[in-house]
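Listed here are the chains, written in short residue letters.
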Amino acid sequence: MDLLNAFIVLSNFVLVPAIAYGAQLAIGALGVTMVYGILRFSNFAHGDTMAFGTMATIIATWGLQAAGITFGPLPTALLAIPVGIAACAALVLATDRVVYRFYRAQKVVPVIMVIVSIGVMFIYNGITRIILGPDDQRFADGERFIISARDFQDMTGLEEGLAIRTTQGITLGVAIIVVVALFWFLNRTRTGKSMRAYSDNEDLALLSGIDPERVVRVTWLIVAALATIAGVLYGLDKSYKPFTYFQLLLPIFAAAIVGGLGSPIGAIAGGFVIAFSEVAITYAWKRVLEYTLPETLAPDSLVQLLSTDYKFAVSFVILVIVLLFRPTGLFRGKSV
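Quick look at the structure, then. All residue numbers refer to position in the chain's written sequence, counted from 1. Per-residue local features of the predicted model are confined to residues with pLDDT of at least 70, and side-chain atom pairs are confined, for both listing and counting, to 80 or more; whole-chain, interface and lining totals are unaffected and use all residues. Heavy atoms from the whole structure form the basis of all side-chain values; hydrogens and water molecules are not counted.

**Looking at the packing of helix α7 (residues 190–200) against helix α9 (residues 212–237)**
Phase 1 of the analysis: Every angle, taken between N-to-C directions, lies between 0 and 180 degrees, and every axis is a line fitted to C-alpha atoms, over only the stretch in contact when it is a helix. Where helices and strands are cited, they refer to DSSP runs of H or I of at least four residues and of E of at least two residues respectively, numbered from the N terminus. The interhelical angle for the contact between α7 and α9, taken along N-to-C directions, is 105°, at an axis separation of 10 Å. Of the possible angle classes, the one that applies to α7 and α9 is roughly perpendicular. Here α7 contributes T191, S194, M195 and Y198 to the contact with α9, which in turn contributes P212, R214, V215, V218, T219 and I222.
Phase 2 of the analysis: Amino acids are sorted into nonpolar (Ala, Val, Leu, Ile, Met, Phe, Trp, Tyr, Cys and Pro), charged (Asp, Glu, Lys and Arg) and polar (every other residue, Gly among them). Residue composition of the contact of α7 with α9, grouped by class: six nonpolar, three polar and one charged. For classification purposes, an angle smaller than 35 degrees is called roughly parallel, one larger than 145 roughly antiparallel, one from 65 to 115 roughly perpendicular, and anything else oblique. Residue contacts are defined here by distance: any two heavy atoms, one from each residue, within 4.5 Å place the two residues in contact.

Structure below.
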């Protein structure tokens, strides 16, 4: 029974949160790796693209709630996601037309595009703060738990109770749907195959008659959808604050690089590697060890390697190690 209780505590505070967080990072990292693999630059504005798409979704959610339209036990924001995707797509397509297309025509080196994306990042961040403000915005509604700790204790008779939030279950379900849909699109549709060909060899793709501007437009549309979905899922699971999405840029890039930039499978794997590393290293293991060790060996301290305030430092350290020893990542993407 002690081992079962230890596993429930571990699931409550490490396994379930890390799976949900990993799914959010994976979707975000897919957007980064799409831009890097097809448009060939690191998009530092991706975190604030997520913030903008989420902001548009929040405003649409408030409108639906004011009109008395809800999604029953599920968050109303799921109904508003298409509005957020449309607004985000309009923004990134306008940015590409006004900013990025000029530099692509000049055939500038990738580092120039990175610098340009940093400027775009600050503009996006300013727009989001002006429209919605810099404070926390909570927009989740519906049922809070799939199963609560008390209900689990009543059903099992265990001392510890397992709690799974609705947003955690939704995150995993939506992530699976998004990943399956994206891989089907890239591998089964003519447009997806054109995008893969353009990513592998741009010159040969152009000789084959592939329209590069169409590939760019479709890429930005997919990136807008991925950014909005990832941002909304993160906001529902935690809370929405523009600066938080700026901070998420580090673990998202770390996930993409750990998995292998340009590799969609690597982005997914990297998201879960970063999530489990952050959660496990910043978790206080005292309660788990109290159940698994003899009473005489039970720790007095929290047994916490790092405070949760330093969780992004974990991403940074992993990122540095990968860049030093395996720059192509786990799945041998494009080297950085």
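**Notes on helix α2 (residues 46–66)**
Phase 1 of the analysis: What a helix is expected to span follows from its residue count: subtract one and scale by 1.5 Å. For α2, built from 21 residues, the straight-helix expectation of 30 Å at 1.5 Å per residue is met to within 8% by its first-to-last C-alpha distance of 30 Å.
Phase 2 of the analysis: For α2, a buried count of 15 out of 21 residues is recorded, marking the element as mostly surrounded by other parts of the structure.
Phase 3 of the analysis: Within two residues after α2, G68 carries a phi angle of roughly 80°, on the positive side. For every residue, the accessible area obtained with a 1.4 Å probe (protein chains only) is divided by the maximum for its type, and the residue is called buried under 20%, exposed over 50%, and partly exposed between those limits.

**Let's talk about a positive patch on the surface**
Phase 1 of the analysis: A residue counts toward a patch only above 30% relative accessible area and without a salt bridge, and it is joined to like-charged neighbours within 9 Å or, for Val, Leu, Ile, Met, Phe, Trp and Tyr, to nonpolar neighbours within 5 Å. Each accessible area is a Shrake-Rupley estimate made with a 1.4 Å probe; only the visible protein chains count as cover when residues are assessed. Salt bridge criterion: a side-chain nitrogen from Lys or Arg within 4 Å of a carboxyl oxygen from Asp or Glu. The charge count treats Lys and Arg as positive and Asp and Glu as negative. His and the chain ends do not count. The atom standing in for a charge is NZ when the residue is Lys, CZ when it is Arg, CG when it is Asp and CD when it is Glu. A surface patch of like charges, here positive, comprises R97, R101, R190, R214 and R217.
Phase 2 of the analysis: When residues of the positive patch are traced back to their parent elements, those giving at least two are α3 (77–105) and α9.
Phase 3 of the analysis: Structurally, R101 is set in helix α3.

**Remarks on unusual backbone geometry**
Phase 1 of the analysis: The phi dihedral of K107 falls on the positive side, at around 55°, and the residue is not glycine.
Phase 2 of the analysis: Tracing the sequence through the fold places K107 in the loop between α3 and α4 (110–132).
Phase 3 of the analysis: K107 gets classed as exposed once you look at its relative accessible area, which sits at 72%.
Phase 4 of the analysis: Backbone geometry places V303, a non-glycine residue, at a positive phi of 55°.
Phase 5 of the analysis: Along the polypeptide, V303 turns up in the loop between α13 (286–292) and α14 (311–325).

**Section: the side chain of D48**
Phase 1 of the analysis: Within the secondary structure layout, D48 lies in helix α2.
Phase 2 of the analysis: Of the buried charged residues, D48 lacks a salt bridge, with R129 as the closest side chain of opposite charge at 6.5 Å.
Phase 3 of the analysis: Two N or O atoms count as a polar contact when they lie within 3.5 Å, although within protein this holds only if one can serve as hydrogen donor and the other as acceptor, and sequence-adjacent residues are included solely when both atoms are side-chain atoms. A polar contact of 2.8 Å, which involves the side chain of D48, links it to the side chain of N125.
Phase 4 of the analysis: Setting aside anything within four residues of it in sequence, one finds D48 in contact with M121, Y124, N125 and F246.

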